Amino acid sequence: MKSPVHRCRDPEHGRGEHGRGDHGRAESRQESRAGYLQAEQRIPISKDIITSSSASAMWFIRDACGIVCAVITWMLVLYAEFVVVFVMLLPSKNLTYSLINGVVFNSLAFLALASHFRAMCTDPGAVPKGNATKEYIESLQLKPGQVVYKCPKCCSIKPDRAHHCSVCKRCIRKMDHHCPWVNNCVGENNQKYFVLFTMYIALISLHSLTMVVFHFLYCFEDDWTKCSSFSPPATVILLILLCFEALLFLIFTSVMFGTQVHSICTDETGIERLKGETGKWDKVPCWEAMQAACGGPFSLSWCSPFSGLRCERRPLEVLEEVPQGEIIEEDIIEIPLY
Ligand SMILES: [Zn+2]
Ligand SMILES: [Zn+2]
């Protein structure tokens, strides 16, 4: 391999090129004459060249705010569970109504919590930390015209469409956003679990809202003292709180679910839309992108937070593997055309 040409430039994929003045353009012409690459000739290294560091290992972000938000999420689901089971279903005289609604609600709540757990504890697609060494770049055997970007914050080689997350302190492949409610980034590897989480929360919210309405109607018709094992004021307060919670989360998670499905279908992440980076890569057709995000052809496993579950843990030395050599200083390394 020819030795890479080291030059310093804006590490965010050479976007600094476009805003440059006359001096910048003159410099660019000089460089092209000297055999360097112009911005439009550069080929960023494919996101598939660099694999995730710990795809099968347990992943957990130690962020106090995220942990508090994740615990609140679980508490809110458990509160809904408590009100649905102990205030509405158990005191009901209609056994079939209680049984069917109990099974449906508890199954959906379980799937919501399982999706949350998997979204939180799955590596979203972190790029190995500190691998920006000359030896590592040479081992990639890049072709002339390709360009390597280093993340100055985590000293990793940034594949195409990866972004640095300041909470996870890592570069994440196809990062969509960092969600404190799941205490993790939503990226290439855990987007499915995040989508399922929003879907199941929206479903249990809708289901509990319907049950609250039916329960109020039932209590108004019947004797308030008999429609719940709690006192009438306590019953009303518990039901109104559940009603607010369900309505709030139904709106929030439905919007989130729609946005995520739209992101998958259009093959654009939230960050890319925000930064105006869309249209810089070959878009994958909608159905293909859905299959890639959900882990295979359409089947029931698309709705399961358990599919793709790997229990094995890689040995620690593999996880913490530090590439040989010193971290390179430059943020952009171009492989010359000649
Ligand atoms: Zn980074
Ligand atoms: Zn993050």
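Where an unreviewed UniProt entry is consulted, the chain appears under the name Palmitoyltransferase, with the organism given as Gadus morhua. Quoted verbatim from the Catalytic activity (unreviewed entry) field of the UniProt record, the comment on the chain reads "L-cysteinyl-[protein] + hexadecanoyl-CoA = S-hexadecanoyl-L-cysteinyl-[protein] + CoA".

Enquirer: For the overall build of the chain, give the residues involved together with the corresponding values.
Expert: For the chain, the count of helices and strands is 9 helices and 9 strands. Among the 338 residues that make up the chain, the fraction classed as buried is 36%. Long-range pairs, those at least 24 residues apart, make up 77% of the contacts in the chain with a sequence separation of at least 6.

Enquirer: I'd like a description of unusual backbone geometry, backed by residues and values.
Expert: Backbone geometry follows two general trends: most residues other than glycine have a negative phi, and most peptide bonds adopt the trans configuration. With a phi close to 45°, K174 is a non-glycine residue in the positive phi region. Secondary-structure assignment places K174 in the loop between β6 (170-173) and β7 (177-179). The exposure class of K174 is buried, given the 25 C-beta atoms found within 10 Å.

Enquirer: Give me the lowdown on the pairing of strand β3 (residues 146-150), citing residues and values where you can.
Expert: In terms of residue burial, β3 counts as a mostly covered element, since 4 of its 5 residues are buried. Note that β3 and strand β9 (residues 332-334) share 3 bridges and pair antiparallel. What sits directly across from V148, in β9, is I333. Bridging between β3 and strand β4 (residues 157-158) involves 2 bridges; their strand directions are antiparallel. In the sheet register, K150 faces β4, and the bridge partner there is I157. Linking two consecutive strands that pair antiparallel, namely β3 and β4, is a turn of 6 residues; a positive phi of about 55° is found at C155 within it.

Enquirer: Describe the packing of helix α3 (residues 95-121) against helix α5 (residues 191-221), and please don't skip the residues or the numbers.
Expert: Direction vectors running N to C along α3 and α5 enclose 150°, while the axes themselves pass 8 Å from each other. Relative to α5, the element α3 is oriented roughly antiparallel. Crossing of α3 against α5: the hand is left-handed. Between α3, through N101, V104, F105, L108, A109, L111, A112, S115, H116, R118 and A119, and α5, the contact on the second element is made entirely by Y193, F194, L196, F197, Y200, I201, L203, I204, H207, S208 and M211.

Enquirer: Could you give an account of the pairing of β6, naming the residues involved and the relevant values?
Expert: Burial along β6 is two-sided: the face carrying R170 and I172 and the face carrying C171 and R173 are both buried. Across 4 bridges, the pairing between strand β5 (residues 162-165) and β6 is antiparallel. Paired with H163 across the bridge in β6 is I172. Hairpin remark: β5 followed by β6, antiparallel, with 4 residues in the connecting loop; positive phi at K169, about 55°.

Enquirer: Would you mind going over the nonpolar core in detail, with residue names and values included?
Expert: Ranked by size, the top nonpolar core spans 51 residues in total, and within it A112, F197, Y200 and I204 carry the most contacts. At 13 residues, α5 tops the list of elements feeding residues into this core. What Y200 contacts, discounting residues up to four positions off in sequence, is L108, L111, A112 and S115. Within the second largest apolar cluster, 11 residues are counted, among which are Y136, L142, V147 and I157.

Enquirer: How would you explain the packing of α5 against helix α6 (residues 232-266) if you had to name every residue and give the values?
Expert: With their axes 7 Å apart at the nearest point, α5 and α6 run at an angle of 150° to one another. As for how α5 packs across α6, the hand of that crossing is left-handed. Broken down by class, the residue content of the contact of α5 with α6 amounts to 20 nonpolar, 8 polar and no charged.

Enquirer: Could you give an account of the environment of M120, naming the residues involved and the relevant values?
Expert: By secondary structure assignment, the location of M120 is in helix α3. A residue is classified by how many C-beta atoms lie within 10 Å of it, and M120, with 23 of them, is buried. Excluding residues that lie within four positions of it along the chain, M120 makes contacts with A70, V182, N183 and N184.

Quick notes on the rules
As a convention, each chain's residues are numbered from 1 in the sequence order in which they are written. Whichever chain is written first becomes A and whichever ligand is written first becomes 1, with later ones labelled in order. With the structure being a predicted model, the display of local features is reserved for residues of pLDDT at least 70 and the display and counting of side-chain atom pairs for 80 or more, all residues being used for whole-chain, interface and lining totals. UniProt positions are given in the numbering used here, feature names are shortened, and annotations may be inferred rather than shown by experiment. A run of DSSP states H or I qualifies as a helix once it reaches four residues; a run of E qualifies as a strand once it reaches two. Both are numbered from the N-terminal end. Put plainly, a residue is buried at 20 or more neighbouring C-beta atoms within 10 Å of its own, exposed at 12 or fewer, and partly exposed in between, counting only other residues' C-beta atoms, which are placed from the backbone. A pair of residues counts as a contact when their C-beta atoms, built from backbone coordinates, are separated by no more than 7 Å. One requirement defines pairing of two strands: DSSP has to find at least two bridges between them. Comment: axis = line fitted to C-alpha atoms, over the contacting stretch for helices; angle = value between 0 and 180 degrees taken between N-to-C directions. Under this scheme an angle from 65 to 115 degrees is roughly perpendicular, one under 35 degrees roughly parallel, and one over 145 degrees roughly antiparallel; angles in between are oblique. For any helix crossing, the convention is left-handed if the near helix is rotated counterclockwise from the far helix by under a right angle, and right-handed if that rotation is clockwise. Here, a nonpolar core means buried Ala, Val, Leu, Ile, Met, Phe, Trp, Tyr and Cys residues linked by C-beta atoms lying within 7 Å of one another. The classification used treats Ala, Val, Leu, Ile, Met, Phe, Trp, Tyr, Cys and Pro as nonpolar, Asp, Glu, Lys and Arg as charged, and all other residues, Gly among them, as polar.

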